[in-house]
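Next come the chains, spelled out residue by residue.
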Amino acid sequence: MFRHVVLFRVRDEVTDPDVSAAIDELRTLGASPGVLAWTVALSLDTRKGRVIVEDGTFRDRAAFEKWRSSESHRKVAERMAGLADWWVADWET
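Here the structure is a predicted model, which means the values were calculated and not measured. (Residues numbered from 1 in each chain as written. Predicted model: local features only at pLDDT ≥ 70, side-chain atom pairs only at ≥ 80, totals over all residues. Heavy atoms only, no water.)

In this fold, I23 is placed in helix α1 (residues 16-28). Sequence separation between I23 and A63 is 40 residues, and the spatial gap between their C-alpha atoms is 22 Å. Excluding anything up to four places from it in sequence, I23 contacts V40, L42 and I52. (Helix = DSSP H or I, 4+ residues; strand = E, 2+ residues; numbered from the N terminus. Contact = heavy atoms within 4.5 Å.)

Next comes the structure, spelled out in structure tokens:
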């Protein structure tokens, strides 16, 4: 299996409706082939601001690479670039 975790630190000026829309868009990425588990949520800990957590498990690295190169991922990543900075962790289990 291949794990993928992203922490999106939402910029302070981004409105709550835009955050909700971004979460909805990120959730759609979990419907891709090869995704075994997919969670997108707003962190309950707000001490560092609003942080969106994306936690995915893929069948294998090939499924992850296919997902990452997809048009739907590209579009959502482009939108997120206007809303947040992020940190990524990927690893094989």
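That was the structure; now back to the text.
A separate point is helix α3 (residues 71-81). Along α3, the residues that are buried comprise H73, V76 and M80. An end-on view of α3 places all buried positions within 70° of arc, on one side of the element. Facing away from the buried side of α3, by more than 90 degrees, are the exposed residues K75 and E78. (Buried < 20%, exposed > 50% of the residue type's maximum accessible area, 1.4 Å probe, protein only. Arc of directions from axis to C-beta.)

The next point concerns the layout of surface pockets. What the largest pocket holds in volume is close to 160 Å³. Surrounding the largest pocket, 16 residues form its lining, H4, V6, E54, H73 and W86 being those nearest its centre. Ranked by the residues each element gives to the lining of the largest pocket, the list is headed by α3, at 4 residues. Of the residues contributing to the lining of the largest pocket, the split by class is 11 nonpolar, 2 polar and 3 charged. (1 Å grid on protein atoms, 1.4 Å probe; cavity = no way out; pocket = protein on both sides within 12 Å on 5 of 7 lines; lining within 4 Å. Points joined across faces, edges and corners; volume = space filled by probe spheres on them. Nonpolar A, V, L, I, M, F, W, Y, C, P; charged D, E, K, R; others polar.)

Here we come to the packing of aromatic side chains. All chains considered together, the criterion is met by 7 aromatic pairs. Ring centres 6.2 Å apart and planes at 80° place the aromatic pair W38 and F58 in the edge-to-face group. One end of the pair, W38, is in strand β2 (residues 35-42); the other, F58, is in strand β3 (residues 51-58), with 20 residues separating them in the sequence. Among the residues examined, W38 registers a relative accessible area of 18% and is labelled buried. Overall, F58 belongs to the buried group, its relative accessible area being 0%. In textbook terms, an aromatic cluster arises when at least three aromatic residues are bridged by ring pairs, as seen for F2, W38, F58, F64 and W67. (Phe/Tyr/Trp six-rings, centres within 6.5 Å; stacked < 30°, edge-to-face > 60°.)

Now for the nonpolar core. As a rule of thumb, nonpolar side chains are buried together in soluble globular proteins. Ranked by size, the top nonpolar core spans 22 residues in total, and within it F8, L26, W38, I52, F58, W67 and M80 carry the most contacts. Residue assignment for this core shows that the elements contributing at least two residues are β1 (2-10), α1, β2, β3, α2 (61-68) and α3. In contact with M80, other than residues within four places in its own chain, are F8, A22, L26, I52 and W86. (Core = buried A, V, L, I, M, F, W, Y, C linked by side-chain atoms within 4.5 Å.)

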